[in-house]
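This is what each chain is made of:
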Amino acid sequence: MYTQEFSETLKQQEQDLRFSSFDLEDAYTLGTMLREAGKKEPEPIAVRVVLDDLTVYQSFLPGTGLSNSQWMDRKYATVCHSRHSSLLAAVERELNGIQEPWQSDEEQFAFCGGGFPLVVNGKFRGAVIVSGLPHLDDHRCLTDTLAEFKKSKQ
């Protein structure tokens, strides 16, 4: 299903969506932007922003709930372990096979779109996560909004 070219596109996206600064106000702004973007989607989403191991923004649109929270937990674990988007972790697992034991643990980790690393000044600081749409749409909604947020910071 996935290609090496898609993997390279995701890697470039991760490079493009890094920040020179990101604080609690930014987390609130980004989380709110994601919530508003989610209102335009065909299905409701849940949003979480984690900065320095602290959940600093979380919102559940009507129609989301515990299941979305559990998916966000697993996506967050994947991003933290791999230091990449949960979609890139899924793509690399498919293209390269399971290389490490954690890659077969689907109870703790999610290998799908919707989790993205928060990198500030070259340092991994957390993750931005959405859940509720088909996984490629979770990734699209997330990265489109991250790109819009980054543009607004410049």
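From a predicted model like this one, the values you see are computed outputs, not experimental measurements.

Caption draft 1: Quick look at unusual backbone geometry. A positive phi angle, near 70°, is found at Asp53, a position not held by glycine. With respect to the secondary-structure elements, Asp53 resides in the loop between strand 1 (46-51) and strand 2 (54-60). The class for Asp53 is exposed, based on a relative accessible area of 69%. Of note, Arg83 is a non-glycine position whose phi angle comes to about 65°, a positive value.

Caption draft 2: Focus on the packing of aromatic side chains. For the coordinates displayed, the defined rule picks out seven aromatic pairs. The interplanar angle of 50° and the centroid separation of 5.6 Å between the aromatic rings of Phe19 and Phe22 together place this pair among those described as tilted. As far as the burial class goes, Phe19 and Phe22 line up, both buried. Consider the rings of Phe19 and Phe149, whose centres lie 5.6 Å apart with planes at 65°: the pair is edge-to-face. Placement of Phe19 in the loop between helix 1 (4-16) and helix 2 (24-39) and of Phe149 in helix 5 (residues 135-153) is noted, with a sequence separation of 130 residues between them. No difference in accessibility class separates Phe19 from Phe149, as the two residues are buried.

Caption draft 3: Structural detail: the pattern of salt bridges. Taken as a whole and assessed by the stated rule, the structure comprises 10 salt bridges. Where Glu92 meets Lys11, a salt bridge forms, and the shortest distance between an N and an O atom there is 3.6 Å. Of the two residues, Glu92 is situated in helix 4 (residues 86-96) and Lys11 in helix 1; the sequence distance between them amounts to 81 residues. In this structure, Arg93 engages Glu106 in a salt bridge whose closest nitrogen and oxygen atoms are separated by 2.9 Å. On the criterion of sequence distance, the pair formed by Arg93 in helix 4 and Glu106 in the loop between helix 4 and strand 3 (115-120) is long-range, its members being 13 residues apart. Exposure remark for Arg93: the relative accessible area of 19% places this residue in the buried category.

The rules behind the values
Residues numbered from 1 in each chain as written. Predicted model: local features only at pLDDT ≥ 70, side-chain atom pairs only at ≥ 80, totals over all residues. Heavy atoms only, no water. Helix = DSSP H or I, 4+ residues; strand = E, 2+ residues; numbered from the N terminus. Buried < 20%, exposed > 50% of the residue type's maximum accessible area, 1.4 Å probe, protein only. Phe/Tyr/Trp six-rings, centres within 6.5 Å; stacked < 30°, edge-to-face > 60°. Salt bridge = Lys/Arg side-chain N within 4 Å of Asp/Glu carboxyl O.

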